[in-house]
Amino acid sequence: MDNLTAKQLRDQIAAGQISSLEATKAVFERIKRFEPTIGAYISIYEDQALKTAADIDCRVAAGEPVGQLAGVPVSIKDNMCTTFGATTCGSKILENFHAPYNATAVEKLLAADAILIAKANMDEFAMGSSTENSGLKQTVNPWDTTRVPGGSSGGPAAAVAARLCYAALGSDTGGSIRQPASFCGVVGLKPTYGRVSRYGLVAYGSSLDQIGPITQTVEDTALILNVIAGHDPADSTSVDETMAPVCDYLEKLDQPVEDLRIAIVPQFAAGADEQVQKALNEAVAVYKKLGAEIIDVEMPHLDYAIAAYYVIATAEASSNLARYDGVHYGYRTESPSDYIEVYSKSRAEAFGEEVKRRIMLGTYALSSGYYDAYYLKALKVRSLIRGDFTRVFEKCDCIMMPVAPTAAFKIGEKVDDPLQMYLSDIYTISANLAGIPGISIPCGFDENDLPIGLQILSPTFTEDKLLRIARMYEKETDWHTRKPKLNHE
Ligand code: GLN
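### Brief notes about the overall build of the protein chain
Regarding its fold elements, the protein chain presents 16 helices and eleven strands. Whereas a compact globule of 489 residues would reach a radius of gyration of roughly 23 Å, the protein chain reaches 21 Å, a difference of no more than 12%. Along the first, second and third principal axes, the C-alpha set of the protein chain runs to 65 × 55 × 50 Å. Among the 489 residues that make up the protein chain, the fraction classed as buried is 61%. For the protein chain, restricting intrachain contacts to residue pairs at least 6 apart in sequence, the fraction spanning at least 24 positions comes to 76%. Positive and negative side-chain charges in the protein chain, numbering 46 and 63 respectively, have mean positions lying 1 Å apart.

Dropping the structure here:
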């Protein structure tokens, strides 16, 4: 049973062949065995999950209609608000925060009859590329427990890879779905900005943040996107469906894209290590064999993406995180000597190093005298990057590139060198700056047997085509079927 995909499990539960209760119990068995090593979860909801699973079995047995994810155990990154349990965002400042409402994406999972089994670990406030910045715990990579799972959605990605859930939701501000998916050998999709509601997602960089699926297969990603996509009146940046209709992403998934034209950016990809480049070239060759035309393009402004991103993201973060003041909600210092210390000590005591660094960077970039030189300049670079994509997409259906310069790195390797950590985001952040969708799918292993991902980017609101392109590859290869060997397995 643990070898089923989310879609297979859903189909078998709906057909009455497997009970959701059994499937959910089996997941908790695995959690008991492997979670102490992997550390994917911040909180686990066993009783609630088993009860929901039993209810769904009753409804199936009674012939009542059930939702698209009926009975499937899923986890969510702990930056999505839930009325049950805490919503910590991986931070001590929110360790005991109980949200008064559910995020829209969570509501949609519940309405689709998914079983929410756990909330998963992450870098504090989603700031990081390795989950080492979590203020609460360490998550390891299921393929090699001395390595990071990637970040900031390292918990959800490790959980899917270790089969501690059938699918998960992550969030991606600069790569936090795609990069951990790549490091853990699973599929991760960052949808177009505005495709999925951000209501109830704890804000990091509001013009960049987007919720998306992390799953075992492209098919499962299409299934989850079907559930979470769509306009939400509670999020003014979610896009009106009359402008960009949501479609059934599963329906045409198996229809290959005809006359497929793929762009690659050779100079840019050359920055990745040799084995990552080799895996990319081999993946592109698979598409060529399927009849795709490959064109080389130049995207001169991508070189500036890291600089622009780390100004824009930190500027937005400094503003978004001003609300954690020890007064409204969250952690409050125990011994303030005056009201100023309520603010300063609460923030000093409960925010981690990386979060403080970013608040300071962002505040500096927004301060008068520096605003034009940094923030405004970064916005201009963002427009140029967007322009590079628009120009290239006139000539092709999608762009392929690495997800990250290397496979998963060692725990501790980059944590003391923030610049090295930032540089590892080079391939993912431009999709967020441009607002376009991007997917990471497994495309090979390096010499240490660590998974490598292929990144595919496409124009805004073309997730249907993007998923079909990804699926063409998945049908030709078996990388996505490989599973890490865990202790005692
Ligand atoms: N690694 C990037 C950062 O630290 C992206 C994080 C994310 O996508 N949430 O900002």
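Text resumes after the structure shown.
### As for the environment of Gly-174
Tracing the backbone through its elements, the reader meets Gly-174 in the loop between strand S4 (167-171) and helix H6 (178-184). Here Gly-174 falls in the buried class, since its relative accessible area comes to 7%. Measuring from C-alpha to C-alpha, the distance between Gly-174 and Thr-428 comes to 5.9 Å, with 254 residues separating the pair along the chain. Those residues within four positions of Gly-174 in sequence are excluded, and the remaining contacts are Tyr-309, Asp-425, Thr-428, Ile-429 and Asn-432.

### As for the sheet that holds strand S8 (residues 293-296)
Strand order in this open sheet of eleven strands is S1-S3-S2-S4-S6-S5-S10-S11-S9-S7-S8, and the pairing throughout is mixed. A strand with exactly one partner marks an edge of an open sheet, and here the two such strands are strand S1 (41-44) and S8. Recorded for the sheet is a direction-independent mean angle of 30 degrees between the axes of neighbouring strands. The sheet contact formed by strand S2 (residues 73-77) and S4 spans three bridges and is parallel. Bridge pairing in S4 places Val-74 opposite Ala-167. Its contacts with the sheet put helix H9 (residues 274-289) on strand S7 (261-264), S8, strand S9 (398-402), strand S10 (438-445) and strand S11 (451-457), and the angle it makes with S11 is roughly 55 degrees.

### Section: the packing of helix H1 (residues 6-14) against helix H7 (residues 218-228)
Two numbers describe a pair of packed helices, the interaxial angle and the distance between the axes. Running from N to C, H1 and H7 point in directions that differ by 65 degrees, and their axes come no closer than 8 Å. Where H1 abuts H7, its residues Ala-6, Lys-7 and Arg-10 lie against Glu-219, Asp-220 and Leu-223. When its residues are assigned to classes, the contact of H1 with H7 shows two nonpolar, no polar and four charged.

### Quick look at helix H2 (residues 20-38)
The largest bend in H2 is about 45 degrees, located at Lys-32, with the proline Pro-36 one to four residues further on. Residues of H2 that are buried: Ser-20, Ala-23, Thr-24, Val-27, Phe-28, Arg-30, Ile-31, Phe-34, Glu-35 and Ile-38. On its buried side, H2 packs onto H1, S1, helix H3 (46-61), S2, strand S3 (115-120) and helix H5 (154-161). Looking one or two places after H2, you find Gly-39, whose phi comes out positive at around 70 degrees.

### Points about the site of the ligand
Near the ligand there are 15 residues, and of these Thr-173, Gly-174, Ser-176, Tyr-204 and Tyr-309 occur at the shortest range. In this structure, an oxygen atom belonging to the ligand sits 2.7 Å away from a side-chain N or O atom of Tyr-309. In this structure, Asp-425 approaches the ligand through a side-chain N or O atom, which is 2.8 Å from a nitrogen atom. Coverage of the ligand by the protein chains reaches 99% of its 290 Å² of free accessible surface. Across the shell around the ligand, the residue classes tally to five nonpolar, seven polar and three charged.

### Thoughts on the pattern of salt bridges
Applying the stated criterion across every chain, the model contains 22 salt bridges. The shortest N-O distance in the salt bridge between Asp-113 and Arg-59 comes to 2.9 Å. Remark: Arg-59 occurs in helix H3 and Asp-113 occurs in the loop between helix H4 (104-111) and S3; sequence separation between them is 54 residues. Here Arg-482 ties to Asp-478 by a salt bridge, and the two come within 3.4 Å at their closest N and O atoms. Taken together, the shared-partner salt bridges in this structure form one network comprising Asp-254, Arg-471, Glu-474 and Lys-475.

### Here's the deal with the nonpolar core
Counting 156 residues, the largest nonpolar core has Phe-125, Tyr-287, Ile-399, Met-400 and Ile-456 as the members making the most contacts within it. Top element by residues in this core is helix H10 (residues 305-320). It accounts for ten residues. In this view, Ile-399 contacts Ala-263, Val-265, Met-299, Phe-389, Val-392, Phe-393, Gln-455, Ile-456 and Leu-457; residues no more than four positions away in its chain are not counted. With six residues, the next largest nonpolar core counts Val-148, Phe-183, Phe-409 and Met-421 among its residues.

### Some words on the packing of aromatic side chains
Tallied over the entire structure, the rule returns 19 aromatic pairs. Following the ring pairs from residue to residue traces out a cluster consisting of Phe-97, Phe-125, Tyr-324, Tyr-329 and Phe-351.

What counts and what doesn't
- Every chain's residues receive numbers from 1 upward, in the order its sequence appears when written.
- Reporting of local features is limited, given that this is a predicted model, to residues whose pLDDT is at least 70; pairs of side-chain atoms are given and counted only at 80 or more, and all residues count toward the totals for whole chains, interfaces and linings.
- Side-chain metrics in this entry use all non-hydrogen atoms of the structure; hydrogen atoms and water are not considered.
- The secondary structure listing takes helices from DSSP runs of H or I that are at least 4 residues long and strands from runs of E that are at least 2 residues long, numbered from the N terminus.
- The globule rule used for comparison is 2.2 Å times the number of residues to the exponent 0.38, while the radius of gyration itself is calculated over C-alpha atoms.
- Under the scheme applied here, a residue whose accessible area is under 20% of the maximum for its type counts as buried, over 50% as exposed, and between as partly exposed, the area being computed with a 1.4 Å probe on protein chains only.
- Contact criterion: two residues are considered in contact whenever any of their non-hydrogen atoms come within 4.5 Å of each other.
- Note on charges: Lys and Arg go in the positive column, Asp and Glu in the negative column, and His and the chain ends are not counted at all.
- Just so you know, the charge point we use is NZ for Lys, CZ for Arg, CG for Asp and CD for Glu.
- Two strands make a pair as long as DSSP finds a minimum of two bridges between them.
- For helices, the fitted line uses only the C-alpha atoms of the stretch in contact; every axis is such a line through C-alpha atoms, and the angle between N-to-C directions lies from 0 to 180 degrees.
- When residues are grouped by polarity, Ala, Val, Leu, Ile, Met, Phe, Trp, Tyr, Cys and Pro land in nonpolar, Asp, Glu, Lys and Arg in charged, and all others, Gly among them, in polar.
- Consider a residue and the seven residues that end there alongside the seven that start there; fitting an axis to each set, the bend is the angle between those axes.
- Here a residue counts as near a molecule or strand whenever at least one of its heavy atoms sits within 4 Å of it.
- We call two N or O atoms a polar contact when they sit within 3.5 Å, provided that within protein one can donate a hydrogen and the other can accept it, with sequence-adjacent residues counted only if both atoms are side-chain atoms.
- Areas reported as accessible are Shrake-Rupley estimates using a 1.4 Å probe. Residue values count occlusion only from the protein chains shown.
- We count a salt bridge whenever a side-chain nitrogen from Lys or Arg sits within 4 Å of a carboxyl oxygen from Asp or Glu.
- Residues belong to a common nonpolar core when they are buried Ala, Val, Leu, Ile, Met, Phe, Trp, Tyr or Cys residues joined through side-chain atoms within 4.5 Å.
- Put simply, two rings from Phe, Tyr or Trp (the six-membered ring, in Trp's case) pair if the centres are within 6.5 Å, and we call them stacked under 30 degrees between planes, edge-to-face over 60, tilted for the rest.

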